[in-house]
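Observations on chain architecture
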Amino acid sequence: MGIADFASVLGDIPTLLTLKKGMKPRPLDDVDCFGRHVSATAAKYGNQTAVIFGERSLTWRELNDQSCKYAGALANLGIGRGDVVSLMMENRPDFITMCVALNKIGAVAALINNNLREKPLQHCITTSDSKLCVFGTELSDAIDGVRSSVSLSEDRFVAIRDDESSDIPDWASDLNALSSNLEPTEPSAQDEVTLRDLSFYIFTSGTTGLPKAAVMSNRRFLQMASLSHIAGLRCKHTDRVYLCLPLYHGTGLIIGVGACMLSGASIVLQRRFSASRFLDDVRQHNVSHLVYVGEMLRYLYNSPERNDDAQNPLHTMIGNGLRPDIWIDFKRRFGIQRVTEFYGASEGNVAFANILNKDCTVGLTASTVALVRYDTESAEVVRDENGRCVEVEEGESGLCIGYISPNSAFEGYTDSSATESKVLRDVFVEGDSWFNTGDLLKTINVGFSLGYKHYQFVDRLGDTFRWRSENVSTNEVGEILNGFEEISMSNVFGVEIPGAEGRAGMAAVCLNEGLDSLDTEAFSEYVQKNLPSYARPVFLRVQPAQEVTGTFKMVKKDLVEQGFDLNAVEDPIFVLKPGSGAYSRLDDKFLSEIESGNARF
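Heads up: these notes are all about the structure in this document. Note that this is a predicted model, so its numbers are computed, not measured. Every chain is numbered on its own, with residues counted from 1 as its sequence reads. For this predicted model, a pLDDT threshold of at least 70 governs which residues receive local features, and a threshold of 80 or more governs which side-chain atom pairs are given and counted, while totals over whole chains, interfaces and linings are taken from all residues. Side-chain measures here rest on the full set of heavy atoms in the structure, leaving out hydrogens and waters.

Within the secondary structure, N91 is located in the loop between β3 (84–88) and α5 (93–104). The exposure class assigned to N91 is buried, which follows from its relative accessible area of 2%. Only 3.0 Å separates the side chain of N91 from the backbone nitrogen of L247, close enough to count as a polar contact. Two N or O atoms count as a polar contact when they lie within 3.5 Å, although within protein this holds only if one can serve as hydrogen donor and the other as acceptor, and sequence-adjacent residues are included solely when both atoms are side-chain atoms. Of note is the side chain of N91, whose polar atom sits 3.1 Å from the backbone oxygen of Q270. Whether two residues are in contact is decided by their heavy atoms, any of which lying within 4.5 Å being enough. Beyond its immediate sequence surroundings of up to four residues, N91 is in contact with F53, C244, L245, P246, L247, L269, Q270 and R271. Helix and strand assignments come from DSSP, with helices taken as H or I runs of at least 4 residues and strands as E runs of at least 2, each series counted from the N terminus. The cut-offs for exposure are 20% and 50% of the maximum accessible area for each residue type, with area from a 1.4 Å probe on protein chains only; residues under the lower value are buried, those over the upper are exposed, and the others partly exposed.

Encoded structure:
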């Protein structure tokens, strides 16, 4: 350990003390919500830029005023405290103003993934018990496709134009028209909303079935936003934060937008990520901070290197999924001084953050956690002769669990059975309860760290894999593939691709009796229509039969090991090549490109 490292850690003590004070759980009945903080930020930094989006920009005063007008229009439509409103919109300033408007009146925003269509979309609107659906006109077709199958009347669909040239569907109301004549008055309901009230439903694929709605209270939103603002990004009102992650995800909305709401920093918002445009944007807008996911950084890292990559104003970033194999070199290449890698789930009660700026770690935690033994073969937590869980040794990977208490509540999902499925009971003593993260972590040595343990993410358990910054449920994808008329059974799993972050989807399918081959053209059309891009299997293996256990559970182990290796598999394998909408037969030439890391998935 060098003197510089020692001095750096000691220099973080004031930040740690401030964070400890800011993260201390407040009484749930305290009146507070992020809508109030936006009002305070507008009062303090009203003339400073809040959002930059292409040629458009909003000051904090303009953003707050528009939110107040939207809040008034929503109240006139009968939306009030505790009501749920589905929000489906691509990244743009209106998404943020809508979230603030709903929070000011105590309503809950059900944030719907804008890639969803048909049954999954219908499910999200219906199961959230939404009283209203607000959507961007860029997604009119998606909403139109489920209008007749959700429990909302014709007057319960409200649209916000994507631009002046876009049309409001004749079956929806125009929110800007409804709010245009209203005064930007702070809603009185804002003085009644408490930390206990819910702010969001954030949908997660979970491990089985269709998306589940994880609940987010005002208290937890403000805690996480404070963590990002104070210790993660460490942003001030003079900073600019680059945000290209989807706002329906907690990372983009809570860690990114939330930190800016509390600090007054400016948001440089992009509709989506572009590796080729990234550095030009950073330089043009004098961006100082970045919110990331690992897949995004992998794309940047794989882009052609230039001698001036480090000549940019970006110095701090926060996110999750930066893998150790590129961590050091990525910082060097792009001139990054601080990386706050974090770990946590939208529905969970634990959070880790690398606030001491150590390398290759998700950092430390203020939560009460334990790493316990897990048997991957039986997919069960290991218990001793007394029925208690067994903690792993230092440096050994184990299942991460978080202690559930009034001050570290597991808020879970709207579905109580789904919530219960994530709770481990009688873990170390009779009657205790712990949140099961479903992930393997381990402790690592990072040198001087004020006595705090530091952790590293190892792997994700269960029937999900991560691809294109999304968690993909194998069961959900399998159910949809089974809906294709030629398929009798499908087994979905994730496989690693050289040079790509996460795991790509692969499906082993069996055809209906009497069929000798799959109609790949019709199947491709079906997949494009029924699955969002990130959930579409990249590889397809057509098998004569599925291997199952004695209890009829499909076996994945051998399939995962064989993957798409043409030398190990005799069955036909098809691939959905980058940029293609149709499956084609995998051959040795393209397999060679994949194995060399040049396939650009």
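The contact between helix α3 (residues 34–45) and α5 brings their axes to 7 Å, and the two run at 115°. What the angle tells us is that α3 and α5 run roughly perpendicular. Between α3, through F34, G35, V38 and S39, and α5, the contact on the second element is made entirely by C99, V100, N103 and K104. Each residue receives one of three labels: charged for Asp, Glu, Lys and Arg, nonpolar for Ala, Val, Leu, Ile, Met, Phe, Trp, Tyr, Cys and Pro, and polar for the others, Gly being one of them. Counted by class, the contact of α3 with α5 contains four nonpolar, three polar and one charged residues. The axes used here are C-alpha line fits, helices contributing only the stretch in contact, and every angle between their N-to-C directions lies in the interval 0 to 180 degrees. Should an angle fall under 35 degrees it is called roughly parallel, over 145 degrees roughly antiparallel, and 65 to 115 degrees roughly perpendicular, with every other angle called oblique.

We now examine unusual backbone geometry. At D129, a residue that is not glycine, the phi angle is positive and equals roughly 60°. Within the secondary structure, D129 sits in the loop between α6 (118–127) and β5 (132–136).

Turning next to the pairing of strand β6 (residues 157–160). Because side chains alternate across β6, one face comprises the buried residues F157 and A159, and the other comprises V158 and I160, equally buried. Between any two strands, at least two bridges found by DSSP are needed for them to pair. Bridge analysis of β5 against β6 gives four bridges, and the strand direction is parallel. What sits directly across from C133, in β6, is F157.

A carboxyl oxygen of Asp or Glu within 4 Å of a side-chain nitrogen of Lys or Arg is what we treat as a salt bridge. Evaluation of the coordinates by the stated rule reveals 35 salt bridges. In this structure, D191 and R36 form a salt bridge, with 3.0 Å as the shortest nitrogen-oxygen distance. Taken together, the residues D191 in the loop between α8 (175–179) and β8 (198–204) and R36 in helix α3 connect sequence positions 155 residues apart. Among the ionic pairs, D309 bridges to R333, the shortest N-O distance being 2.8 Å. With D309 in the loop between α12 (294–302) and β13 (316–320) and R333 in helix α13 (residues 324–334), this residue pair connects regions lying 24 residues apart in the sequence. D309 sits in the buried class, given a relative accessible area of 3%. When its relative accessible area of 5% is taken as the criterion, R333 is described as buried. When salt bridges that share partners are traced, they join R56, E90, R92, D94, E138, D162, R271 and R272 into one network.

Turning next to α3. An α-helix turns once every 3.6 residues. As a result, residues three or four positions apart point the same way. Expected span of a helix, by definition, is 1.5 Å for each gap between consecutive residues, and there is one gap fewer than residues. Given a rise of 1.5 Å per residue, 12 residues ought to cover 16 Å, and the 16 Å separating the end C-alpha atoms of α3 matches this to within 8%. Within the sequence span of α3, burial applies to F34, G35, V38, S39, T41, A42 and Y45. Taken end-on, α3 shows its buried residues confined to a sector of 165°, consistent with a single buried face. Residues A43 and K44 are exposed on α3 and point more than 90 degrees away from its buried face. On its buried face, α3 sits against α4 (60–76), α5, β8, α9 (218–232) and α10 (250–263). The arc refers to the directions leading from the helix axis to the C-beta atoms.

All right, on to the sheet that holds strand β10 (residues 240–243) then. Read from one edge to the other, the open sheet built from eight strands follows the order β2-β1-β11-β10-β12-β13-β14-β15, with strand pairing classed as mixed. Two strands bound the open sheet, and with one partner strand each, they are β2 (56–59) and β15 (351–353). In this sheet, neighbouring strand axes are inclined to one another by 20° on average, regardless of whether the strands run parallel or antiparallel. Relative to strand β11 (residues 266–269), β10 runs parallel, the two sharing four bridges.

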